[in-house]
Amino acid sequence: MSEQVGVQSSSLTERFPEIILPDSRTGYSGFLVKPENLVVVAQALRDEMGYDYLSSVTGVDYLPENKMEVVYHFYRTIGGGALVLKTQVDRENPVVPSLTPLFPGAEFQEREAWDLLGIRFANHPDLRRILTWEGFHGHPLRKDWKEPFFEEEAKPFKSRWPEGHVYRAEDKNPFHDNLQYPAGFDPEQWSPETDELLYAGLKRVDKSDDLLTEQVVVNLGPQHPSTHGVFRMVVVLDGETVVDLKPIMGYLHRNHEKIGERNTFLQNMPFTDRLDYVCSMSNNFGYALAVEKLMGIQPPERAEYIRVMMAELTRFLNHIFSIGFLLNDLGAFFTPMLYALEERELILDVFEAVSGSRMMCNYFRFGGVARDIPVEVMEKIRKLVFDRLPRKLDEMDYFITNNEIVRGRCEGVGVLTAERAIALSASGPVLRASGVAYDVRRADPYSIYDRFEFDIPVRYNGDIYDRYLLRLEEMRQSLRILRQVLKDIPDGPILSGKPQYQVRVPAGESYGRVEGPKGELGFYVVSNGKPNPWRYHVRAPTFINLTSLAEMCRGQKIADVVTILGSIDIVLGEVDR
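Parameters and conventions
- Residues numbered from 1 in each chain as written.
- Predicted model: local features only at pLDDT ≥ 70, side-chain atom pairs only at ≥ 80, totals over all residues.
- Heavy atoms only, no water.
- Helix = DSSP H or I, 4+ residues; strand = E, 2+ residues; numbered from the N terminus.
- Rg over C-alpha atoms; globule rule 2.2 N^0.38 Å.
- Buried < 20%, exposed > 50% of the residue type's maximum accessible area, 1.4 Å probe, protein only.
- Contact = heavy atoms within 4.5 Å.
- Pairing = 2+ DSSP bridges.
- Axes fitted to C-alpha atoms, helices over the stretch in contact; angles between N-to-C directions.
- Phe/Tyr/Trp six-rings, centres within 6.5 Å; stacked < 30°, edge-to-face > 60°.
- Lys NZ or Arg CZ within 6 Å of the ring centre and 35° of its normal.
- Parallel < 35°, antiparallel > 145°, perpendicular 65-115°, else oblique.
- Left-handed = near helix turned anticlockwise from the far one by under 90°.
- Nonpolar A, V, L, I, M, F, W, Y, C, P; charged D, E, K, R; others polar.
- Domains from an automatic or database assignment.
- Buried area = accessible area lost by both parts, 1.4 Å probe.
- Polar contact = N/O pair within 3.5 Å; in protein donor to acceptor, adjacent residues only side chain to side chain.
- Expected span 1.5 Å × (residues − 1).
- Bend = angle between axes of the 7 residues up to and from the residue.

**Digging into the overall build of the protein**
For the protein, the helix and strand inventory stands at 18 helices and 15 strands. The globule rule puts the C-alpha radius of gyration for 577 residues at 25 Å, and the 24 Å found for the protein is close to it. Counting over 577 residues, the protein shows a buried share of 58%. For the protein, the proportion of contacts with a sequence separation of at least 24, taken over those separated by at least 6, is 68%.

**Let's talk about the sheet that holds strand E9 (residues 232-238)**
Backbone hydrogen bonds are what pair the strands of a sheet, in a parallel or an antiparallel way. The strand order across the open sheet built from three strands is E8-E9-E10, with neighbouring strands paired in antiparallel fashion. Every other strand in the sheet has two partners, leaving strand E8 (216-220) and strand E10 (241-248) as the edge strands with one partner each. With strand direction ignored, the average angle separating the axes of adjacent strands in the sheet is 25°. Across five bridges, E8 lies against E9 in antiparallel orientation. Bridge pairing in E9 places asparagine 219 opposite valine 234. The sheet contacts of helix H17 (residues 558-568) involve E8, E9 and E10, and relative to E9 the element is tilted by about 150°.

**Things to note about the sheet that holds strand E15 (residues 535-539)**
Strands sit in the order E13-E14-E15 across an open sheet of three strands; the sheet is antiparallel. Where the open sheet ends on each side, the last strands, each with one partner, are strand E13 (508-516) and E15. Here the strands of the sheet are splayed against their neighbours by 10° on average, with no regard to which way each runs. Examined bridge by bridge, strand E14 (residues 519-527) and E15 share five bridges and lie antiparallel to one another. For valine 525, the partnering residue across the bridge sits in E15 and is tyrosine 536. With respect to the sheet, helix H6 (residues 280-295) is in contact with E13, E14 and E15, its orientation differing from that of E13 by roughly 150°.

**Describing the pairing of E9**
Counting buried positions over the seven residues of E9 gives seven, a clear majority of the element. Where burial is concerned, the two faces of E9 agree: the one with Arg232, Val234, Val236 and Asp238 and the one with Met233, Val235 and Leu237 are both buried. One ladder, built from seven bridges, connects E9 with E10; its direction is antiparallel. Residue pairing across strands places valine 235 opposite leucine 245, the latter belonging to E10.

**Overview of the packing of aromatic side chains**
All chains considered together, the criterion is met by 18 aromatic pairs. Ring geometry for phenylalanine 285 against tyrosine 446: centres 5.5 Å apart, planes inclined by 80°, an arrangement best described as edge-to-face. Residue phenylalanine 285 is found in helix H6, and its partner tyrosine 446 is found in the loop between helix H13 (440-443) and helix H14 (464-488); the two are separated by 161 residues along the sequence. Of the two residues, phenylalanine 285 and tyrosine 446, both sit in the buried class. Ring plane angle 80° and centroid distance 5.2 Å describe the contact between tyrosine 398 and phenylalanine 399, whose orientation is recorded as edge-to-face. Given a relative accessible area of 58%, phenylalanine 399 falls into the exposed group. Joined through ring pairs, the aromatic side chains of Phe285, Tyr363, Phe364, Tyr446, Tyr449 and Phe454 make up one cluster. For arginine 442, the ring lying beneath its charged end belongs to phenylalanine 454, and the centroid distance is 4.0 Å. The ring of phenylalanine 543 has arginine 577 lying over it, and the distance from NZ or CZ to the ring centre is 4.7 Å.

**Considering the packing of helix H7 (residues 301-329) against H14**
The contact between H7 and H14 brings their axes to 9 Å, and the two run at 155°. In terms of orientation, H7 and H14 fall into the roughly antiparallel class. Where H7 crosses over H14, the two elements pack in a sense that is left-handed. Here the contact of H7 with H14 is built from residues that sort into 17 nonpolar, three polar and five charged.

**Focus on the domain arrangement of the protein**
Domain parsing of the protein yields domain 1 (2-122) and domain 2 (256-576). Each partner contributes to the interface: domain 1 provides 35 residues, whereas domain 2 provides 29 residues. Of the roughly 2500 Å² buried between domain 1 and domain 2, counting both surfaces, carbon and sulfur atoms make up 57%. Area buried by domain 1 at its contact with domain 2 is led by Tyr53, Thr77 and Phe108, which between them contribute 23% of it.

**Here's the deal with the side chain of threonine 272**
By the secondary structure assignment, threonine 272 is in helix H5 (residues 268-273). Polar contacts involving the side chain of threonine 272 include one to the side chain of asparagine 284, which spans 2.9 Å. If we ignore the near neighbours within four places in the chain, the residues touching threonine 272 are His256, Asn283, Asn284, Tyr287, Phe523 and Tyr536.

**Some words on the side chain of aspartate 126**
Secondary-structure assignment places aspartate 126 in the loop between strand E7 (120-122) and E8. We classify aspartate 126 as buried; its relative accessible area is 5%. Reaching out from aspartate 126, the side chain makes a polar contact with the side chain of arginine 128 at a distance of 2.7 Å. At 2.9 Å, the side chain of aspartate 126 and the side chain of lysine 246 are in polar contact.

**Here's the deal with helix H9 (residues 375-400)**
For H9, which comprises 26 residues, the first-to-last C-alpha distance of 36 Å matches the rise-based estimate of 38 Å (1.5 Å per residue) to within 8%. Maximal helix bending in H9 amounts to about 45°, located at leucine 384. The complete set of buried residues in H9 reads Val377, Met378, Ile381, Leu384, Val385, Leu389, Pro390, Leu393, Met396 and Ile400. Looking at the packing, one finds that the buried side of H9 touches H7, helix H8 (335-355), helix H10 (404-410) and H14.

**Let's talk about the packing of H6 against H7**
Remark: H6 packs on H7, axes separated minimally by 8 Å, with the N-to-C direction vectors making an angle of 140°. Judged by the angle between their axes, H6 and H7 are oblique. Contacts from Met281, Ser282, Phe285, Ala288, Leu289 and Glu292 in H6 reach Arg307, Val308, Met310, Ala311 and Thr314 in H7. Residue composition of the contact of H6 with H7, by class: seven nonpolar, two polar and two charged.

See below:
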């Protein structure tokens, strides 16, 4: 990795000797570029140096220095580590050029940075709030923004510990609600500045037939079972054909990252469970890696094996869950879903036995895991991996894969090409089903994944059917990894050092990423040496994968939109955070 960083530094400084500077801050890495040169450098990274994949866009408020920073993580889809590019602007008027013309996958991420931090991206095609509502006052991730009934900057709050006088903020408000409005604002009288505010950017096209019909705007959700949670799609229809679509999210937004910056580092571990609440073990994994990089610690061998075991069991339960729901979206209504849930419940039995909880596991720790696996639970895992799960997977394959309704509804529907998948920053099964064999476990290995033999499944049609087939094969590869883990797992400690309620995290930045079941899950963490993170940002895979939704849906029928959304496999706890 150090050789690669050296090559990056040499290539960049030779190509841009006047405008690129290495980030010389202690504990930081990457390169600084002025905003006016950002687009030129980004285009050279993509076209000349092969960094064709913009994975993450993160805004950071450095209040003491009176500046805002935007951090970009670029990767090559052929593999390798990150090239980190940063630009800094004055905090009072933070304007940065948008990279969406070069990397369309930056669209939602730039909107998020505008919404939560107030960083404006010039030439963005649709710069609106995305996680808060249109009438929201201020930008809540700014360090000088205070929420209603603000207590303190960092936890533990004195009202909890050591004084222990716990109360609910709502109880102190005569309206019994934890919110406040700007001066002179009346929510009953408010209306958008323009009727097109929510529907900005929706396209209407010239009709190609003589039928006397008109295009109409229809809302799907947010309260609708087909949207997999409180998620809304605004659709322009010509008859039953989708002309354009805009995803509207934020109905579940609780400002996870603001909470994360108030928590201590260790307090954030159970909060990561609540992101993708189907896959809490994978969430723990990504966050643990980010903080361990800052702390410079390495988990013991047995802990590494246990981590991989939990991550691959999580991948299996997520995919079988996802396929069950896909059949629901196709109209099979719960029979396949119940068969899938039975296998998921058996894996959750394992999670409960090792962590004490079925879904919110809070199992990983910095430097290892919270507790070892009992002998009888290890035997249960062995029976699942070698016997039951392979049989159930074959049954699912037999009943679903060549079902004529499944094939008729899924083949050729919701197509995303390889080029567009890369450009739109898609990850996980959505990317690999479009013909791009990119998986973080192979492209930029973490933990001990480089020790195991497994294949990266890839399909080439980029439709719903290929996304289904790819998840089916990924479950087989997860079982293949699990068999090797069970064969090779050593005895020994499961935590480096002793358990701690507070950890010392040196000042600096780090980015920890894993190949989660739904795609690349990344955590960008900045420490200033204090007990709480200065910046805590989540690169949520399904949030970014939704950037591709409109492209998949245009030209399809309205009934197909539900299935296309199901094939992306979103979870709103992660989308909204």
